[in-house]
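Chain by chain, the residues run as shown.
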Amino acid sequence: PYYEDDAVTIYHGDCREILPTLGPVDLVLTDPPYGVNLEYASYDDTLENWYGLMDWLIPWIQNHSAMGILPSCQINQLHWIYKYHAPDWLIAWHKGSPGHVSKIGFNDWEPLLVYGRTAGLQMHDHFYAQPEITKNGHPCPKPVRWATWLLERATAEGYTILDPFMGSGTTLRAAKDLGRKAIGIEIEEQYCEIAAKRMS
């Protein structure tokens, strides 16, 4: 592990190599690359690579976790998702207007794909979490409230959460604050360093 404490373990590497070495988890909550040509040092963020990533990731989630939640990435790709990896349901993340057109479009909400369910799940299919201005070196970190809302409703204390595209560690920070166990995987070492500092 790149970092480890009583609640959190962080691995630096490609999740496609690390995930097969891990056991099952209660929830996968993650935010993979969107296939919109964002600049990453260790990954080519093309749409073609996104298709391959989803073809690998979604079946892994379905086979190794009770539940998985991830953004649809691009609304115009939902038809492909439903053709090849239809989710069990969607959650509408209402972001509110950022006041400008983002790199992935103009939507004030974003669909989250949901696969499976955890025991005793009580959850609505929409929530509000406004993006935060965060200058931590990651190009598009999720707001902590985004992860907190989902984790509070999809998991219980002691559950294990996995984020195979950890980024700057928002999901892990929220999980740790809520008394959950968390595993993060990140291919970019600079983001592992940011996340490790957030955990400590």
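Above this note sits the structure.
A brief structural summary. Bear in mind the structure is a predicted one, so any value in this text is a computation, not a measurement.

### Here's the deal with the overall build of the protein
Turning to step 1, where the next piece is worked out: Secondary structure assignment for the protein yields six helices and nine strands.
Turning to step 2, where the next piece is worked out: Taking 200 residues into account, the globule formula puts the C-alpha radius of gyration at 16 Å, and the protein, at 16 Å, falls close to it.
Turning to step 3, where the next piece is worked out: In the protein, buried positions account for 51% of the 200 residues.
Turning to step 4, where the next piece is worked out: When the accessible area of the protein is evaluated, it comes to approximately 9600 Å², of which 49% is carbon and sulfur surface.
Turning to step 5, where the next piece is worked out: Side chains of the protein give 15 positive and 25 negative charges; the mean places of these two sets differ by 6 Å.

### Considering the packing of aromatic side chains
Turning to step 1, where the next piece is worked out: Applying the stated criterion to the full structure yields seven aromatic pairs.
Turning to step 2, where the next piece is worked out: Residue placement shows Lys95 over the ring face of Trp93; its charged tip is 5.3 Å from the ring centre.
Turning to step 3, where the next piece is worked out: When the ring centre of Trp146 is taken as origin, the NZ or CZ atom of Lys142, which lies over that ring, is 5.8 Å away.

### Section: the packing of helix α4 (residues 144-154) against helix α5 (residues 170-177)
Turning to step 1, where the next piece is worked out: Two elements in contact, α4 and α5, have axes whose closest approach is 8 Å; the angle formed by their N-to-C orientations is 50°. In terms of orientation, α4 and α5 fall into the oblique class. Judged by the sense of rotation from one axis to the other, the crossing of α4 with α5 is right-handed. Note on element contacts: α5 touches α4 through Thr170, Thr171, Ala174 and Ala175, opposite Val144, Trp146, Ala147, Thr148 and Leu151.
Turning to step 2, where the next piece is worked out: Residues of the contact of α4 with α5, tallied by class, amount to six nonpolar, three polar and no charged.

About the cut-offs
- Residues numbered from 1 in each chain as written.
- Predicted model: local features only at pLDDT ≥ 70, side-chain atom pairs only at ≥ 80, totals over all residues.
- Heavy atoms only, no water.
- Helix = DSSP H or I, 4+ residues; strand = E, 2+ residues; numbered from the N terminus.
- Rg over C-alpha atoms; globule rule 2.2 N^0.38 Å.
- Buried < 20%, exposed > 50% of the residue type's maximum accessible area, 1.4 Å probe, protein only.
- Areas by Shrake-Rupley, 256 points an atom, 1.4 Å probe, with all protein chains shown as cover.
- Lys, Arg positive; Asp, Glu negative; His and termini not counted.
- Charge placed at Lys NZ, Arg CZ, Asp CG, Glu CD.
- Phe/Tyr/Trp six-rings, centres within 6.5 Å; stacked < 30°, edge-to-face > 60°.
- Lys NZ or Arg CZ within 6 Å of the ring centre and 35° of its normal.
- Axes fitted to C-alpha atoms, helices over the stretch in contact; angles between N-to-C directions.
- Parallel < 35°, antiparallel > 145°, perpendicular 65-115°, else oblique.
- Left-handed = near helix turned anticlockwise from the far one by under 90°.
- Contact = heavy atoms within 4.5 Å.
- Nonpolar A, V, L, I, M, F, W, Y, C, P; charged D, E, K, R; others polar.

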